[in-house]
Amino acid sequence: MRFTTRQDALLAVAALAGGLLLLSAHGYSAWEPDDPWPGTGWRVLPLLGVCAAMLFRRTSPMAGLAVATPAMVADIVMSPSLGTMLVYTDALYASSLYGPRRMAERLLAVTVAVTVLLAGGVGLWASAWEATVIIGGVAGMTWVGPVLTAMVVREHRNRAELERQRAEQLARLAELDRRNAVADERARMARELHDVVANHLSAVALHSSAVLRLPDLDREGVRQAMSVIRENSVQGLAEMRRMIGLLREERDGTGDPPAAPRLADLERLAERAARPDLSVGVKVTGTARELPAAVELAAYRIVQESLTNVLKHAGPGRAEVLVEHRPDRLCVTVESPLGAERTELPGAGSGLIGMRERASILRGTFTAGPEDGCWRVRAELPTTTPDGGDP
């Protein structure tokens, strides 16, 4: 505000200096050629009025117009002077640009009406159409021109402001999209971490609990349990290293991505899920083919989480893993005996949610629940999209 006031004051001083210079050069007309009144001294007063109005051109444009208009009328009564008319154009321009939104339209209507009336009146008084044209042109450029210019400038400024607001909204939407992407990525990482850790740590926890609860377990049983614990610990560490490597690769974009687990590894996964009273078999039907990476990873994780639940909750007997390769989809089914007791471990309950979400992301189907005396998990994952591409 201080800079604006100082700038307006400098403009007012410059306008006053220019107006005085024009007056000293007799830059004014007279209504009667032989009438010397009023002289230059009296014409300084209207000039001072319109120059004083420039002090309020941006801070209070309507007050400036109220001061400049009587001064301009007084100058016309004396007979128009060039300096005062030029400075008055700034009052009209500032009022239309910095004043209320509807002021420019009102000033346009008023200045057009005054220009027409003045040109017509002078033409009738002088009985010459040339006078009408000249007075109308001068009045139009002096009064109507500044208002029209201000309206054009104001329209461009409003449009620029709308574009700026639109850019800010787009930036906010982009930030929201980024946050949503981060939240989705964190959720995906949480599911991946659960799938990686739950299977191996559940096996470690259950087999170590069995060793601790059965103090008279023979040496062969202890060796078998410890072998399973060691294998699951090593595999869990390997999976964790793979996860960390994947996250690092996604962050810096360097290095080769670590190998993702494949359905060919299901036999080893089934061996780690076996218990002394529970065996796990794997059966593959159909023609095996190269699957989209997302489908193969989702199928592997669903089987992995299902076998984790089998290890924790299934009763004695045999669990079966069935992988069906169909022309347009991959079906995985895991059946296990229902258990009488449930061994709850930390993190229980999120596995089914993660499996269902994995299938939903690929536009597949997922069901889980008791059926015919066993617990049955089934997922159908499309291997092609409706347009024939990878999902």
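Residues numbered from 1 in each chain as written. Predicted model: local features only at pLDDT ≥ 70, side-chain atom pairs only at ≥ 80, totals over all residues. Heavy atoms only, no water.

Re the sheet that holds strand β2 (residues 317-325)
Alright, step 1. Judged by pairing direction, the sheet is mixed, and its 5 strands sit side by side in the order β1-β2-β3-β5-β4 without closing on themselves. The open sheet is flanked by β1 (278-286) and β4 (365-371), the only strands paired with a single partner. Between one strand axis and the next, the sheet turns by 10° as a mean value, whatever way the strands run.
Alright, step 2. By the bridge criterion, 6 bridges tie β2 to strand β3 (residues 329-337) in an arrangement that is antiparallel. Note that in β3 the partner of Glu324 across the bridge is Cys331.
Alright, step 3. Its contacts with the sheet place helix α8 (residues 266-273) against β1 and β2, and it is angled at close to 160° to β1. (Pairing = 2+ DSSP bridges. Helix = DSSP H or I, 4+ residues; strand = E, 2+ residues; numbered from the N terminus. Axes fitted to C-alpha atoms, helices over the stretch in contact; angles between N-to-C directions. Contact = heavy atoms within 4.5 Å.)

Focus on the side chain of Gln304
Alright, step 1. Mapped onto the elements of the fold, Gln304 is located in helix α9 (residues 293-313).
Alright, step 2. A distance of 2.9 Å separates polar atoms of two side chains, one belonging to Gln304 and the other to Arg301. (Polar contact = N/O pair within 3.5 Å; in protein donor to acceptor, adjacent residues only side chain to side chain.)

Points about unusual backbone geometry
Alright, step 1. The backbone of Arg363 shows a phi angle near 60°, a positive value even though the residue is not glycine.
Alright, step 2. Assignment of secondary structure puts Arg363 in the loop between α10 (350-361) and β4.
Alright, step 3. Taking the relative accessible area as the measure of exposure, Arg363 reaches 70% and is therefore exposed.
Alright, step 4. A positive phi is found at Asp372, a non-glycine position, where the angle reads about 55°.
Alright, step 5. Within the secondary structure layout, Asp372 lies in the loop between β4 and β5 (374-382).
Alright, step 6. Note on Asp372: relative accessible area 76%, which makes it exposed. (Buried < 20%, exposed > 50% of the residue type's maximum accessible area, 1.4 Å probe, protein only.)

Notes on a nonpolar patch on the surface
Alright, step 1. Among the surface-exposed residues, Trp42, Leu45 and Leu48 lie close enough to one another that they form a single nonpolar patch of about 320 Å² accessible area.
Alright, step 2. Its location among the elements puts Leu45 in helix α2 (residues 40-53). (Patch = residues over 30% accessible without salt bridge, like charges linked within 9 Å, V, L, I, M, F, W, Y side chains within 5 Å. Areas by Shrake-Rupley, 256 points an atom, 1.4 Å probe, with all protein chains shown as cover. Salt bridge = Lys/Arg side-chain N within 4 Å of Asp/Glu carboxyl O.)

Description of the side chain of Asp8
Alright, step 1. Note that Asp8 resides in helix α1 (residues 2-24).
Alright, step 2. Taking relative accessible area as the criterion, Asp8 reaches 0% and is therefore assigned buried.
Alright, step 3. Not counting chain neighbours up to four residues away, the residues in contact with Asp8 comprise Met54, Leu55, Arg57 and Arg58.

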